[in-house]
Amino acid sequence: MMAVDFCDYFWGEEHNGWNVLYQNMRLGQTATKELTDFFKERWSIDETYAKSLNKLAQRVGGGSGVAGANVISNLERWGSFAPVFAVLRSASEQLASVHLSVVAKTQEMVKEMNRYQELTHRKHKQVKDEESHTEDLVKTIQATGGLAQKAKETYSQRCQDLEKVRREGASPKDVEKAEAKLRKSYDEYKNLLDKYNNIREDFERCMTVSCKRFQDVEDHHLSRLLHSVREFVRLLGSSSEAVLQIQREMQMQFGQHSVLSLLDAFALSRHTGLEKPNAMVFEDCGSLGSGISEQQSPDLGSSGAAAAHSASSLHHHQQATDHHSSKSSAEDMAGGGGGGGVLAGGFLRSRRDRKKEKKNKKKKDGADTTSN
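Residues numbered from 1 in each chain as written. Predicted model: local features only at pLDDT ≥ 70, side-chain atom pairs only at ≥ 80, totals over all residues. Heavy atoms only, no water.

### What to know about the overall build of the chain
At step 1: Per the secondary structure count, the chain includes 8 helices and 2 strands.
At step 2: Each helix and strand of the chain, placed in order from N terminus to C terminus, yields the pattern α-α-α-α-α-α-α-β-β-α.
At step 3: Sorting the 372 residues of the chain into buried and exposed places 24% on the buried side.
At step 4: A fraction of 78% describes how many contacts in the chain between residues 6 or more apart in sequence connect residues 24 or more apart.
At step 5: When the accessible surface of the chain is split by element, carbon and sulfur atoms take 54% of a total near 26200 Å². (Helix = DSSP H or I, 4+ residues; strand = E, 2+ residues; numbered from the N terminus. Buried < 20%, exposed > 50% of the residue type's maximum accessible area, 1.4 Å probe, protein only. Contact = heavy atoms within 4.5 Å. Areas by Shrake-Rupley, 256 points an atom, 1.4 Å probe, with all protein chains shown as cover.)

Here is the structure:
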């Protein structure tokens with residue numbers, strides 16, 4: 001592309017080139033402010049989005065504290081799906097971090113733009129002071145050109161009036177009047193043309209300098225704004241790459257989760273025991289036992305084991321009672337009897353009971369003799 005030279009494009013009969021260039025320079029301040037406001041708005045959007053992502057991450061994250069306690073808390077909150085929420089939380093926090101990084105860098109860009117805006121304001125004030133002479137020349141040549149155009153029209157009209165008077169055969173006095181008006185309009189027109197041409201030479205020289213000065217200002221201005229926009233585009237590109245990396249990591253992490261892996265993680269984290277409970281057995285704590293519990297075979301059911309143990313205990317108790325009863329009777333017969341004896345098992349028996357037993361025994365012996 002060929003280089004543009006303002007000196008070739010901002011002339012014209014109405015001499016508006018300088019005004020166009022000056023207004024364009026002033027609009028540079030407006031463009032700078034608008035670009036700064038754009039960066040501010042984008043920074044606000046990213047900041048709000050980052051805060052929302054962090055809030056969302058906290059919502060699915062469970063809270064801070066001991067890692068193991070968080071795992072248990074999340075399992076109690078979401079069950080076996082809790083590891084997936086952990087991935088979502090991590091991704092949300094990373095995305096929030098990316099957007100906060102964009103916010104920080106955009107804030108730096110805004111500071112630079114504010115400094116540039118101040119420099120631009122001072123530069124434009126300096127340019128306006130330097131261009132004051134050219135500005136005056138523009139106003140003068142525009143005014144002179146306008147007067148010269150009107151003088152030209154007046155002179156043309158006086159020429160037509162003189163020809164008309166001569167054609168109609170007017171009196172010499174009328175012809176003389178028309179010629180006087182014509183000479184006056186001619187002198188005015190000629191003087192204005194000379195004045196215009198003299199101003200034009202100075203105007204062209206000053207306008208050429210002004211075009212170069214305005215172009216230099218515009219070159220620097222456009223370079224500065226384009227640099228800022230390129231920096232912003234690179235910032236967005238780097239943040240987009242970071243977001244894509246987070247997305248790839250999410251896909252990899254989700255690929256590690258399946259129904260079986262989630263069930264396995266839940267079982268390992270929340271298991272309550274690896275062995276089945278044993279059968280419950282009856283434990284004898286009475287005075288008849290030895291004081292040591294006799295365990296039954298775990299193969300028996302709880303009700304069957306209890307019943308078998310109860311029957312065995314009753315059998316042993318009956319045998320012990322019979323043995324001690326017979327022993328006590330023999331001792332009573334050998335000793336001649338007292339007021340009473342002590343039987344096995346701690347029960348007292350009266351003399352009347354002993355006589356009754358003897359009587360029953362005699363009857364039994366008599367019955368046996370008769371049968372023989």
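### Some remarks on the nonpolar core
At step 1: Within the largest apolar cluster, 19 residues are counted, with the highest numbers of intra-cluster contacts made by Phe10, Trp18, Leu21, Met25, Met207, Cys211 and Phe214.
At step 2: Put simply, the parts of the chain that give this core at least two residues each are helix 1 (17–61), helix 4 (132–168) and helix 5 (172–255).
At step 3: When residues of this core are assigned to their parent elements, the largest contribution, 8 residues, is made by helix 5.
At step 4: In contact with Phe214, not counting residues within four places along its chain, are Phe6, Trp18, Leu21, Tyr22, Met25, Val127 and Glu131.
At step 5: Formed by 8 residues, the second largest nonpolar core is a distinct cluster that contains Leu35, Met109, Leu225 and Phe232. (Core = buried A, V, L, I, M, F, W, Y, C linked by side-chain atoms within 4.5 Å.)

### Here's the deal with the packing of aromatic side chains
Aromatic ring pairs: the centre-centre distance and the angle between the two ring planes describe each pair.
At step 1: Applying the stated criterion across every chain, the model contains 10 aromatic pairs.
At step 2: Centre to centre, the rings of Phe6 and Phe10 are 5.1 Å apart; their planes meet at 70°, and the pair counts as edge-to-face. Considered together, Phe6 and Phe10 belong to a single accessibility category, that of buried residues.
At step 3: Their ring planes at 5° and their centres at 5.2 Å tell us that Trp18 and Tyr22 sit as a pair that is stacked. One end of the pair is Trp18 and the other is Tyr22, both in helix 1 and 4 residues apart, which spans about a single turn.
At step 4: Residue class for Trp18 comes out buried when judged on its relative accessible area of 3%.
At step 5: The buried category is assigned to Tyr22, whose relative accessible area is 11%.
At step 6: Here the basic side chain of Arg224 rests over the ring of Tyr116, its NZ or CZ set 5.5 Å away from the ring centre. (Phe/Tyr/Trp six-rings, centres within 6.5 Å; stacked < 30°, edge-to-face > 60°. Lys NZ or Arg CZ within 6 Å of the ring centre and 35° of its normal.)

### What about the pattern of salt bridges?
At step 1: For the coordinates displayed, the defined rule picks out 14 salt bridges.
At step 2: The closest approach of N and O atoms between Glu93 and Arg89, which form a salt bridge, is 2.9 Å. Of the two residues, Glu93 and Arg89 both sit in helix 3 (residues 82–130), 4 residues apart, roughly one turn of that helix.
At step 3: Residue class for Glu93 comes out partly exposed when judged on its relative accessible area of 31%.
At step 4: Residue class for Arg89 comes out buried when judged on its relative accessible area of 19%.
At step 5: For Asp161, the salt bridge identified is with Arg158, shortest N-O distance 3.9 Å. With Asp161 and Arg158 both in helix 4 and 3 residues apart, this pair spans about one turn of that helix.
At step 6: You can call Asp161 partly exposed: its relative accessible area is 29%. (Salt bridge = Lys/Arg side-chain N within 4 Å of Asp/Glu carboxyl O.)

### Some words on a nonpolar patch on the surface
At step 1: Residues Val259, Leu260 and Leu263 make up a contiguous nonpolar surface patch of roughly 340 Å² in combined accessible area.
At step 2: Take Leu263: it is sitting in helix 6 (residues 259–270).
At step 3: Taking the relative accessible area as the measure of exposure, Leu263 reaches 47% and is therefore partly exposed. (Patch = residues over 30% accessible without salt bridge, like charges linked within 9 Å, V, L, I, M, F, W, Y side chains within 5 Å.)

### What to know about the side chain of Ser239
At step 1: Secondary-structure assignment places Ser239 in helix 5.
At step 2: For Ser239, a relative accessible area of 12% puts it in the buried group.
At step 3: The contacts of Ser239, once residues within four sequence positions are left out, are Val98 and Val102.

### A word on the side chain of His15
At step 1: Note that His15 resides in the segment before helix 1.
At step 2: You can call His15 buried: its relative accessible area is 9%.
At step 3: In this structure, His15 is in contact with Val138, Ile141, Gln142, Tyr196 and Phe203, ignoring residues within four places of it in sequence.

### A look at the packing of helix 3 against helix 5
At step 1: Running from N to C, helix 3 and helix 5 cross one another at 180°; their axes reach a closest spacing of 10 Å. Here helix 3 lies roughly antiparallel to helix 5, going by the angle between them.
At step 2: In the contact of helix 3 with helix 5, the residues fall into 21 nonpolar, 8 polar and 8 charged. (Axes fitted to C-alpha atoms, helices over the stretch in contact; angles between N-to-C directions. Parallel < 35°, antiparallel > 145°, perpendicular 65-115°, else oblique. Nonpolar A, V, L, I, M, F, W, Y, C, P; charged D, E, K, R; others polar.)

### A word on the packing of helix 4 against helix 5
Two measures define how a pair of helices packs: the angle their axes make with one another and the distance between the axes.
At step 1: As a packed pair, helix 4 and helix 5 sit with axes 7 Å apart at the nearest point and diverge in direction by 155°. Put simply, helix 4 runs roughly antiparallel to helix 5. The interaxial crossing formed by helix 4 with helix 5 has left-handed handedness.
At step 2: Here the residues of the contact of helix 4 with helix 5 sort into 22 nonpolar, 8 polar and 10 charged. (Left-handed = near helix turned anticlockwise from the far one by under 90°.)

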